[in-house]
Amino acid sequence: MPLDLQTSFAAGELSPSLHSHVDLAKYRTGLAQCANFFILAQGGAVTRAGWEFVHATDIAADASRVVPFSFNTEQSYALVLSNNYMRIVRDGGMVLEPAKNITGASKTNPVVVTSIGHGHLTFNQVYITGINGMTELNDRFWRIVVLTPNAYELYAEDGSAPLNGTAFGTYISGGSGAQAAGVATPWPSSVLFDLKFTQSADVMTITHPDYPIKQLSRTSHYTWTLDTVSFGSDIGPPTSGLTIAPVGTPSGSNNTVYRYVITSVTPTGDESVQSAILDSGSMNALSPTYGNKLEWGAVTGAEYYNIYKEFAVLSGVFGWLGESTELNYHDYNNGPDMSYTPPMAMNPFDGVGDYPACTEYHQQRQWFGSTHNHPDTMWATRTADYDNMDVSRPTRADDAIHEATLSARQVNEIRHLVSLDDLLVFTSGGEWKVQADADGVITPGNLNPRTQGFRGCSKVRPLVIGETALFIQEKGSRIRDIKYTFESDKYSGNDLTVLSRHLFEGHEIIDWCYAQEPFSIVWAVRSDGALLSLTYLQEHDVYAWAAHITQGYYESVCTVSEGLEDV
């Protein structure tokens, strides 16, 4: 019988229901089964590489999650989140703190290691190497229990049992112990897959609707800090030396009251809230020859100061009067500009029920979405000031954006914010884009959300691939792409699972990532522990699924840049 030569596998594994559809265009490039191979965009099929063991997670019974942290292509990390703790992997190995010298190790159960001023933490892991004599301890991670600042006990790497050293060799000399770098976190295993992340340089913002917003900061490979975000200006107003006194010759006898406030401004334009009010008390009316001299004490970090004057006595509304690089200002009956008022401190995320579920950077603002109290609402910081939610009255274009609510037929929680050319908002019931003015600039007074579809999105964060976003539909078993099309003037896309439905039916995708180089592959973890791959090249209509089986199951996946590849 004649051979049917198949020159391409670019359609990947096809559902059994399609095996007789010879009329289907992708039938000629499909496979009945594709296990532990992935498909090249050019149509070839390649066996996947094996996996390399790097490190055991903290407690095998608890969920762990890996998250990428990339400062640049040379400095990228995989963050390993487990129950209330986080460790760091770089270049295929655990990041270690500076090693501490070991001066002794006992032949006891458990082994007791002597290390003067070790600084290690109980239940953390320490990598021991270089010991002479008791070589059984070398080149291994051990879980520890701190006894004193100079000694700790050793346990198995997973902490399950103490290390019995009674049959080991006798310690002679040398050796060092390096603690695995890590940070304590507030998140138990049960919430790890609901955490949302966004990153700017060396700072990652992490949100969850049950916890205050956190910022993870890196200062070296092994030095990381996790802090609660404090919203507000980075500089305070003048608080000392606030005085007001008349200068010049009075030109009239009218009894008038003048009131002022001062703000500090940094070299980057970050402005403080207003100072205490300087009240002139009853005085003669100001004139070009009779004025008020305002004075204040210096504020560290201020490049100049803005002076605001009250519009009408006791109105409480202050307009911009002028600025000063000195510590004083003279007002000779100048009129305030009421279109420019001092910032007012605001923090919409200051209590239980008001913590945001997701975050993203877009147009020089940090955006937040969905709290328990306002599930269909968004907020955005001041322009280029990512921890400042202050506003002015009347509103200025660079003010923070408060409570932008999506008006729909039902209240759908905002699950993700994604920055493409527009800000895309993925909710449990649909997809939106946030429009602005003709120049595309979003301001507090110019924000127009428009629906793009009603598919709904799961809690797994969408992936951005070029000008396209991939998202998992609300039920967790369908994956769609979405991009702007000129013909429809909206964002739309296709179901990428329609030809391989057997890989998804009865399951959900719980985690995924995208490896751009070298093969443009999406790796997706299924709820039953299976791993799927999607070779995706939208411009050439390539979307090919394959399954990957191993001894065990997959729980979480991420990609980081290492050299010329995403691994």
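An account of the accompanying structure is given in this report. Computed from a predicted structure; not experimentally measured.

## Examining the overall build of the chain
Looking only at helices and strands, the chain features 0 helices and 45 strands. When the backbone C-alpha atoms are referred to their principal axes, the chain occupies close to 110 × 75 × 40 Å. Counting every position in the chain, which comprises 567 residues, the buried fraction comes to 48%. Taking as baseline every contact in the chain between residues at least 6 positions apart, the subset at least 24 positions apart corresponds to 58%. Side-chain charges of the chain comprise 34 positive and 62 negative groups, with the mean position of each set lying 5 Å from the other.

## With respect to the pattern of salt bridges
Throughout the structure, instances matching the rule amount to 16 salt bridges. Across the salt bridge formed by aspartate 398 and arginine 382, the nearest N and O atoms sit 3.5 Å from each other. Highlighted residues: aspartate 398 in the loop between strand 30 (377–380) and strand 31 (401–405) and arginine 382 in the loop between strand 30 and strand 31, separated in sequence by 16 residues. For aspartate 398, a relative accessible area of 31% translates into the label partly exposed. Residue classification places arginine 382 among the buried residues on the basis of a relative accessible area of 8%. Between arginine 382 and aspartate 399 there is a salt bridge, with its nearest N and O atoms 2.9 Å apart.

## A closer look at the side chain of serine 64
As for its position among the elements, serine 64 is in the loop between strand 4 (45–47) and strand 5 (65–70). Residues in contact with serine 64, not counting those within four places in the same chain, are Thr57, Leu81, Ser82, Leu192, Phe193, Glu555 and Ser556.

## Some remarks on the state of the cysteines
Two cysteines form a disulfide when their sulfur atoms are joined by a covalent bond. Evaluation of the coordinates by the stated rule reveals 0 disulfides. The structure places no disulfide on cysteine 358, whose sulfur is separated from the nearest cysteine sulfur, that of cysteine 457, by 10 Å. With a relative accessible area of 0%, cysteine 457 lands in the buried category.

## Remarks on empty space enclosed by the protein
Per the counting criterion, the structure on display carries 1 cavity of 30 Å³ or more. Taken as a whole, the largest cavity encloses approximately 40 Å³ of empty space. As for the largest cavity, its lining consists of Asp376, Leu406, Ala408, Gln410, Asn412, Thr427 and Trp432. Split into classes, the residues belonging to the lining of the largest cavity amount to 3 nonpolar, 3 polar and 1 charged.

## Observations regarding the packing of aromatic side chains
Under the counting rule described, the total for this entry stands at 18 aromatic pairs. A centroid spacing of 6.3 Å and a plane angle of 10° characterise the contact between tyrosine 308 and tyrosine 340, whose relative ring orientation is stacked. In this pair, tyrosine 308 sits in strand 25 (residues 304–310) while tyrosine 340 sits in the loop between strand 27 (328–331) and strand 28 (358–362), placing the two residues 32 residues apart along the sequence. Relative accessible area serves as the criterion here: at 30%, tyrosine 340 is assigned to the partly exposed category. By the ring-pair criterion, three or more aromatic residues cluster together here, those being Phe231, Phe349, Phe368 and Trp379. The aromatic ring of phenylalanine 71 is capped on one face by arginine 218, whose charged end is 5.2 Å from the ring centroid. Here the guanidinium or amino end of arginine 409 rests over the ring plane of phenylalanine 454, the centre of that ring lying 5.2 Å away.

## Quick look at the sheet that holds strand 30
Read across the open sheet, the 4 strands follow the order 28-29-30-31; overall the sheet is antiparallel. Of all strands in the sheet, those with a lone pairing partner are strand 28 and strand 31, marking the two edges. With strand direction ignored, the average angle separating the axes of adjacent strands in the sheet is 25°. The sheet contact formed by strand 28 and strand 29 (residues 365–369) spans 5 bridges and is antiparallel.

## Examining the layout of surface pockets
In this structure, the second largest pocket occupies an estimated 1400 Å³ of space. Lining the second largest pocket are 46 residues; nearest its centre among them are Pro68, Arg461, Pro462, Leu463 and Val464. Here the lining of the second largest pocket is composed, by residue class, of 21 nonpolar, 12 polar and 13 charged.

## Brief notes about the sheet that holds strand 35 (residues 448–453)
Sheet architecture is open: 4 strands sit in the order 32-33-34-35, paired in antiparallel fashion. Of all strands in the sheet, those bounded by a partner on one side alone are strand 32 (414–419) and strand 35. Pairs of neighbouring strands in the sheet enclose a mean axial angle of 25°, with direction left out of account. In this structure, strand 34 (residues 431–435) lies alongside strand 35, joined through 5 bridges in antiparallel fashion. Paired with lysine 433 across the two strands is arginine 450, which belongs to strand 35.

Cut-offs used in this document
- Residues numbered from 1 in each chain as written.
- Predicted model: local features only at pLDDT ≥ 70, side-chain atom pairs only at ≥ 80, totals over all residues.
- Heavy atoms only, no water.
- Helix = DSSP H or I, 4+ residues; strand = E, 2+ residues; numbered from the N terminus.
- Buried < 20%, exposed > 50% of the residue type's maximum accessible area, 1.4 Å probe, protein only.
- Contact = heavy atoms within 4.5 Å.
- Lys, Arg positive; Asp, Glu negative; His and termini not counted.
- Charge placed at Lys NZ, Arg CZ, Asp CG, Glu CD.
- Salt bridge = Lys/Arg side-chain N within 4 Å of Asp/Glu carboxyl O.
- Disulfide = S-S within 2.5 Å.
- 1 Å grid on protein atoms, 1.4 Å probe; cavity = no way out; pocket = protein on both sides within 12 Å on 5 of 7 lines; lining within 4 Å.
- Points joined across faces, edges and corners; volume = space filled by probe spheres on them.
- Nonpolar A, V, L, I, M, F, W, Y, C, P; charged D, E, K, R; others polar.
- Phe/Tyr/Trp six-rings, centres within 6.5 Å; stacked < 30°, edge-to-face > 60°.
- Lys NZ or Arg CZ within 6 Å of the ring centre and 35° of its normal.
- Pairing = 2+ DSSP bridges.
- Axes fitted to C-alpha atoms, helices over the stretch in contact; angles between N-to-C directions.

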